[in-house]
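Structure at a glance
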Amino acid sequence: LLYYLTHYVYVGDRVEQKIINWQPWAHLIQLVKLVQEWYDRHPRIPLYLIIFKSRQVGASTTLSGIANWLIIFNKNTKGILQSKGAVEANEMLARSKYINEHHPSFLKLKALPDQDDVWGFQITESIIRALPSTEDAGRSTDATFIFNDEWEKHKNAKESFAAMKPAMAKGGLFIGAT
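Because the structure is a prediction, the values reported are computed rather than measured.

Brief notes about the overall build of the protein chain
Along the backbone of the protein chain there are four helices and nine strands. In the protein chain, the order of α-helices and β-strands from amino to carboxyl end is β-β-α-β-α-β-α-β-β-β-β-α-β. Counting every position in the protein chain, which comprises 178 residues, the buried fraction comes to 45%. Considering only residue pairs separated by 6 or more positions, the protein chain has 69% of its internal contacts joining residues 24 or more positions apart. Within the structure as shown, the protein chain displays about 10000 Å² of accessible surface, and the carbon and sulfur contribution to it stands at 53%.

Given below as structure tokens:
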């Protein structure tokens, strides 16, 4: 699947928004391969990945694309996208929505629910929740995957991880990007 990024470019003295194709940089291909290996394993075992990244290297968008892929092609998939605050978490979820909007028509599914902090597809019975970093975020939930963006900026990173870790016990995928 092709994913898309939005970039802002200077055209003369003004800034314009431009859509470009996702770039298959080596570090992103490695991330996708690790996720694919987790996905293909049956039964799945929990996978915990920590990504140390710079800004603007495509990791956050790639995570949003992976989240999109998991809920489109798998039934009963539950995902959590978490960032330092509600606004940032919702922005991460918005990337998944943006990717879906730019899929070819045969891949676009009707989203329901479609809110700022929760999004999914009835046809696959799959959902993604956007959560801020709090002590209890993700507690008492089951999740197929949990992606924490800008994890180093989470006030409650330890407590939040402890709250979500049991959800991964049945073969979940956890990725902390910092």
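Examining the nonpolar core
Counting 27 residues, the largest nonpolar core has L31, V35, L81, I128, F145, F147 and I175 as its most contacted members. Residue assignment for this core shows that the elements contributing at least two residues are α1 (26–40), β3 (47–51), α2 (59–73), α3 (86–101), β6 (118–121), β7 (126–132), β8 (145–148) and β9 (173–177). The leading source of residues in this core is α2, at seven residues. Residues contacting F145, with those up to four places away along its chain left out, are A67, L70, I71, T77, K78, G79, I80, L81, I128, M168 and L173. Formed by ten residues, the second largest nonpolar core is a distinct cluster that contains I80, I146, M168 and F174.

Thoughts on the environment of G79
Here G79 shows up in strand β4 (residues 78–83). You can call G79 buried: its relative accessible area is 3%. As a C-alpha pair, G79 and F147 span 68 residues in sequence and 8.0 Å in three-dimensional space. Ignoring anything within four residues of it in the chain, the contact list for G79 reads I127, I128, R129 and F145.

Considerations on the packing of aromatic side chains
By the definition in use, this model includes eight aromatic pairs. Centre to centre, the rings of W119 and F121 are 5.0 Å apart; their planes meet at 65 degrees, and the pair counts as edge-to-face. Grouping residues by exposure puts W119 and F121 together as buried. Taken together through their ring pairs, the aromatic side chains of Y48, W151, F161 and F174 make up a single cluster. Positioned above the aromatic ring of W38 is the side chain of R44, whose terminal nitrogen or guanidinium carbon lies 4.7 Å from the ring centre.

Points about unusual backbone geometry
With an omega dihedral of -5 degrees, the bond running from H42 to P43 counts as a cis peptide bond. Position of P43 among the secondary structure elements: in the loop between α1 and β3. The omega torsion of the bond from L112 to P113 falls at 10 degrees, within 30 degrees of zero and hence cis. Looking at the element boundaries, P113 is found in strand β5 (residues 111–114). Here the phi dihedral of E125 falls at roughly 55 degrees; this positive angle occurs in a residue that is not glycine. For E125, the position within the fold is in the loop between β6 and β7. Judged by its relative accessible area of 47%, E125 falls in the partly exposed class.

Conventions adopted
- All chains use their own residue numbering, which begins from 1 and follows the written sequence.
- Side-chain atom pairs in this predicted model are given and counted only at pLDDT of 80 or more, local residue features only at pLDDT of at least 70, and totals for whole chains, interfaces and linings cover all residues.
- Here the side-chain values reflect all heavy atoms present in the structure, with hydrogen atoms and water set aside.
- Helix and strand assignments follow DSSP, with helices taken as H or I runs no shorter than four residues and strands as E runs no shorter than two, numbered in order from the N terminus.
- We call a residue buried when its accessible area falls under 20% of the maximum for its residue type, exposed when it is over 50%, and partly exposed in between, using a 1.4 Å probe and counting protein chains only.
- Every residue pair with non-hydrogen atoms within 4.5 Å of one another is taken to be in contact.
- Note that accessible areas follow from Shrake-Rupley with a 1.4 Å probe, and for residues the cover is restricted to the protein chains shown.
- Only buried residues count toward a nonpolar core, which is a set of Ala, Val, Leu, Ile, Met, Phe, Trp, Tyr and Cys residues joined through side-chain atoms within 4.5 Å.
- Between 30 and 60 degrees the pair is tilted, below 30 it is stacked and above 60 it is edge-to-face, where a pair is any two Phe, Tyr or Trp rings, Trp via its six-membered ring, whose centres lie within 6.5 Å.
- For a ring to carry a charge above it, either NZ of a lysine or CZ of an arginine must fall within 6 Å of the ring centroid while also lying within 35 degrees of the normal to the ring plane.

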